[in-house]
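Close look at the chain arrangement
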Amino acid sequence: MNAETASNVLNLRRDAQEEASKLPALLARAEQLANTMMLGEHGRRRAGQGDNFWQYRPMQPGDSYRSIDWRRSARGDEQFVREKEWQIAQSVLLWLDPGQSMRYSSHANWPQKAERARVLVLALAILLQKGGERVGLTGFSLPPQRGAAQVLRLAEAFCVEDNADYAEPEARGMIPHARAVFVSDFMGNLDAVRAALAKATDRGVHGVLLQVLDPSEEEFPFEGRTIFQSMGGGIENETLKASSLKSQYLDALAKRKEELSNLAQLSGWRYQCHHTSESAQSALLWLYSALDGGQG
């Protein structure tokens, strides 16, 4: 092993240890937040949906071998899983923005957007799995499953960050008639969000968009000479009079929120904006209620 290879191994080990150290605290905070809520009837079967056969689908990573339909799989080289209506109805797909923009926090008393988003989505997953629902990620890396072990897998996945300034929603692997949760600051290009919601709508998937923002992103408290730099360092802009940009920025943010709300409404989804200075419990309550079609 040469010096460069050894250095890379040490860096990977250090990064892995740093990521692993986040899990116990994240799980503890999520469990504590989930325990503040009363578990209602979430997880119940929807009217008209029962044990009838729904569809065959190709086996995905994370599926149990016990779920394979061997008769259908014997027709070719691919293995298929047999799903029933209630399994579809009780599947919830999660997408948590891993982009660098989510690492922003303007005040020591407020968590990073990513930190708040992780706790919220993991607490929601805990509530859902306690109610008997199958929870997983959009895409193919972690299909919906039940059980406490799945919560740990989700926690591990949520701690993986993207190097891009802004991440795009993962819309592959949408299970027909399932539900979905997208949590992001939605500060990047919205084309990917539009495409994801269009794909979800085509497959009968309904869900919620939760926009997580830092209070300074709402107030724009900057004045004088200011250098604005994206969290990933890919975008930078310097101005000598930041206050002159305030009106233009706030108008753009208001239009962004309105567009997200309209996109959600047209797709049969729900939209809400949450600030990291606000109660995490109130945001979880909204997520939990909105996902089940409640008001709020």
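My aim in this report is to walk through the structure given alongside it, one point at a time. (Residues numbered from 1 in each chain as written. Predicted model: local features only at pLDDT ≥ 70, side-chain atom pairs only at ≥ 80, totals over all residues. Heavy atoms only, no water.)

1. Topic: helix H4 (residues 113-130)
Put simply, the test is: By the criteria applied, helices consist of DSSP H or I runs no shorter than four residues and strands consist of E runs no shorter than two, each listed in order from the N terminus. Helices are assigned an expected span. That span is 1.5 Å times one less than the residue count. Exposure classes here rest on a 1.4 Å probe applied to the protein chains alone. A residue is buried below 20% of its type maximum, exposed above 50%, and partly exposed in between.
Over its 18 residues, H4 runs 26 Å from end to end, which matches the ideal 26 Å to within 8%, given 1.5 Å per residue. Among the 18 residues that make up H4, 16 are buried, leaving the element largely enclosed by the rest of the structure. Once H4 ends, the next one or two residues include Gly 132, with phi positive near 90°.

2. Observations regarding unusual backbone geometry
A positive phi angle is found at His 177, which is not glycine, with a value near 65°. Here His 177 is to be found in the loop between helix H5 (148-158) and strand S5 (179-184). His 177 sits in the partly exposed class, given a relative accessible area of 41%. Of note, Phe 186 is a non-glycine position whose phi angle comes to about 50°, a positive value. With respect to the helices, strands and loops of the structure, Phe 186 is situated in the loop between S5 and helix H6 (191-202).

3. Examining the sheet that holds strand S3 (residues 91-96)
Heads up, the rule is: Pairing between strands is defined by DSSP: at least two bridges between them are needed. Axes here refer to lines fitted to C-alpha atoms; in helices the fit is confined to the stretch in contact. Angles between the N-to-C directions go from 0 to 180 degrees. Any pair of residues with heavy atoms lying within 4.5 Å of one another is described as a contacting pair.
As summarised here, the arrangement of the five strands in space is S4-S3-S5-S6-S9, forming an open sheet in which the pairing is parallel. On the outer flanks of this sheet lie strand S4 (134-137) and strand S9 (270-275), each paired with one strand and no other. Adjacent strand axes in the sheet meet at a mean angle of 20°, parallel and antiparallel pairs treated alike. Pairing analysis gives six bridges linking strand S6 (residues 206-213) to S9, with the strands arranged parallel. In the strand pairing of S9, Val 208 is matched with Arg 270. The sheet strands contacting H4 are S3, S4, S5, S6 and S9, and the helix crosses S3 at an angle near 170°. Against the sheet, helix H9 (residues 280-291) touches S3, S5, S6 and S9, its axis set at about 160° to S6.

4. Overview of the packing of aromatic side chains
Keep this limit in mind: The pairing test for Phe, Tyr and Trp rings, Trp by its six-membered ring, is centres within 6.5 Å, and the orientation test on the planes gives stacked under 30 degrees, edge-to-face over 60, and tilted for anything in between.
Evaluated as defined, the whole model comprises two aromatic pairs. On the basis of an interplanar angle of 70° and a centroid distance of 5.7 Å, the ring pair of Trp 95 and Phe 182 is categorised as edge-to-face. One end of the pair, Trp 95, is in strand S3; the other, Phe 182, is in strand S5, and 87 residues separate them in sequence. For the pair formed by Trp 95 and Phe 182, the shared burial category is buried. The interplanar angle of 65° and the centroid separation of 5.2 Å between the aromatic rings of Phe 182 and Trp 269 together place this pair among those described as edge-to-face. You can see Phe 182 sitting in strand S5 and its partner Trp 269 sitting in the loop between helix H8 (246-267) and S9, a full 87 residues away along the chain. The pair Phe 182 / Trp 269 is uniform in exposure class, with both members buried. Through a chain of ring-to-ring contacts, the aromatic side chains of Trp 95, Phe 182 and Trp 269 assemble into a single cluster.

5. Comments concerning the packing of H6 against H8
Which entries qualify depends on this criterion: Roughly parallel covers angles under 35 degrees, roughly antiparallel covers those over 145, roughly perpendicular covers 65 to 115, and oblique covers all other angles. Should the near helix be turned anticlockwise from the far one by less than a right angle, the crossing is termed left-handed; should it be turned clockwise, right-handed. Lys, Arg, Asp and Glu make up the charged group, whereas Ala, Val, Leu, Ile, Met, Phe, Trp, Tyr, Cys and Pro make up the nonpolar group; the residues left over, Gly among them, are polar.
Where H6 contacts H8, the axes come no closer than 10 Å and their chain directions differ by 15°. Our classification of the angle between H6 and H8 gives roughly parallel. Viewed along their axes, H6 and H8 form a crossing whose handedness is right-handed. Judged by residue contacts, Val 193, Arg 194, Leu 197 and Thr 201 of H6 engage Glu 259, Leu 260, Leu 263, Ala 264 and Ser 267 from H8. Of the residues in the contact of H6 with H8, the class split is five nonpolar, two polar and two charged.

6. A few points about the pattern of salt bridges
Put simply, the rule is: Salt bridges, as used here, are contacts in which a Lys or Arg side-chain nitrogen is within 4 Å of a carboxyl oxygen on Asp or Glu.
One pass over the structure, following the stated rule, counts nine salt bridges. For the salt bridge of Glu 217 with Lys 113, the shortest nitrogen-to-oxygen distance reads 2.8 Å. In this pair, Glu 217 is assigned in helix H7 (residues 215-219) and Lys 113 in helix H4, connecting sequence segments 104 residues apart. Using a relative accessible area of 12% as the deciding quantity, one classes Glu 217 as buried. Residue classification places Lys 113 among the buried positions, given a relative accessible area of 1%.

7. Some remarks on the side chain of His 274
Take His 274: it is sitting in strand S9. The residues contacting His 274, other than those within four sequence positions of it, are Arg 116, Leu 120, Leu 210, Gln 211, Val 212, Leu 213, Ser 279, Ala 280 and Ala 283.

8. Observations concerning H9
Filter applied, for reference: Each polar contact in these results corresponds to two N or O atoms within 3.5 Å; when the atoms are within protein, one needs to be able to donate a hydrogen and the other to accept it, and residues that are neighboring in sequence are counted only if both atoms are side-chain atoms.
Here H9 is twelve residues long and its end C-alpha atoms lie 16 Å apart, about the 16 Å a rise of 1.5 Å per residue gives. Looking at H9, one finds that the buried residues are Ala 280, Ala 283, Leu 284, Trp 286, Leu 287, Tyr 288, Ala 290 and Leu 291. Where H9 starts, the residue carrying a side-chain oxygen 3.1 Å from the main-chain nitrogen of Gln 281 turns out to be Ser 279.

9. Structural notes on the nonpolar core
Burial of nonpolar side chains together is a common tendency in soluble globular proteins. Here is the rule: Only buried Ala, Val, Leu, Ile, Met, Phe, Trp, Tyr and Cys residues count toward a nonpolar core, and they belong to the same one when joined by side-chain atoms within 4.5 Å.
Counting 42 residues, the largest nonpolar core has Leu 94, Leu 154 and Val 181 as the members making the most contacts within it. Elements that contribute at least two residues to this core include exactly helix H1 (3-35), S3, H4, S4, H5, S5, S6 and H9. Of the residues forming this core, the biggest block, twelve residues, is contributed by H4. Val 181 has contacts with Val 92, Leu 93, Leu 94, Trp 95, Leu 124, Val 208, Leu 287 and Leu 291, leaving out every residue within four places of it along the chain. Core analysis: the second largest hydrophobic core is formed by 25 residues, Ala 171, Phe 182, Ala 196 and Ala 200 among them.

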